[in-house]
Amino acid sequence: MSDHTALREAAQEYAAAYAAHYSERDLAKALRLYQRIMASHTSAPEAGYSRTQVQNIVNAVVPEQELLDAQMELALARLEGQVSPDAEP
């Protein structure tokens, strides 16, 4: 597949995710679509856009304290050696 074709596919997939997010207001579907874009088009600009949209959804649906608690657990697990500091997220 050419780079041009891959970029066009990424743009089309992002448009579908964006529509699920903002037009359909189906956040679960949007998250799955954004996740697929990030996994399959890692170097495309749409992967970065998708990451931002995922953060927007997470911030909208997960209470701030719960996010902080989860981040603290992840950081402590890495710092205390339960997870290698250089492990893939």
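Residues numbered from 1 in each chain as written. Predicted model: local features only at pLDDT ≥ 70, side-chain atom pairs only at ≥ 80, totals over all residues. Heavy atoms only, no water.

A word on the packing of aromatic side chains
Which entries qualify depends on this criterion: Any two of the Phe, Tyr and Trp rings considered here, Trp counted by its six-membered ring, make a pair once their centres fall within 6.5 Å; the pair's planes then place it as stacked at under 30 degrees, edge-to-face at over 60, or tilted in between. Helix and strand definitions here come from DSSP, where helices need a minimum of 4 consecutive H or I residues and strands a minimum of 2 consecutive E residues; each element is numbered from the N-terminal end. Classification of residues uses two cut-offs on accessible area relative to the type maximum, computed with a 1.4 Å probe and protein chains only: under 20% is buried, over 50% is exposed, and between them is partly exposed.
Applying the stated rule across the entire model yields four aromatic pairs. The interplanar angle of 65 degrees and the centroid separation of 5.7 Å between the aromatic rings of Tyr 14 and Tyr 49 together place this pair among those described as edge-to-face. Placement of Tyr 14 in helix α1 (residues 3-23) and of Tyr 49 in helix α3 (residues 45-61) is noted, with a sequence separation of 35 residues between them. Judged by relative accessible area, Tyr 14 falls into the buried class, the value being 15%. Note on Tyr 49: relative accessible area 44%, which makes it partly exposed.

Quick look at the pattern of salt bridges
Two side chains with opposite charge may pair up if their charged atoms get near one another. Counted only if it meets this: Whenever a carboxyl oxygen of Asp or Glu lies within 4 Å of a side-chain nitrogen of Lys or Arg, that contact is scored as a salt bridge.
Throughout the structure, instances matching the rule amount to one salt bridge. For Glu 24, the salt bridge goes to Lys 29, with nearest N and O atoms at 3.2 Å. Given a relative accessible area of 30%, Lys 29 falls into the partly exposed group.

A look at the nonpolar core
Where a protein is soluble and globular, its nonpolar side chains tend to be buried together. The condition that has to hold: Buried residues of nine kinds, namely Ala, Val, Leu, Ile, Met, Phe, Trp, Tyr and Cys, make up a nonpolar core once their side-chain atoms join them within 4.5 Å. Contacts are residue-level and defined by heavy atoms, with any inter-residue pair within 4.5 Å sufficient.
Of all hydrophobic cores here, the largest spans 10 residues; its members are Tyr 14, Ala 17, Ala 20, Ala 30, Leu 33, Tyr 34, Ile 37, Met 38, Val 54 and Ile 57. Sorting the residues of this core by element identifies α1, α2 (27-40) and α3 as the ones contributing at least two each. No other element matches α2, which puts five residues into this core. With near-sequence residues (within four places) excluded, Ala 30 lies in contact with Ala 17, Ala 20, His 21 and Ile 57.

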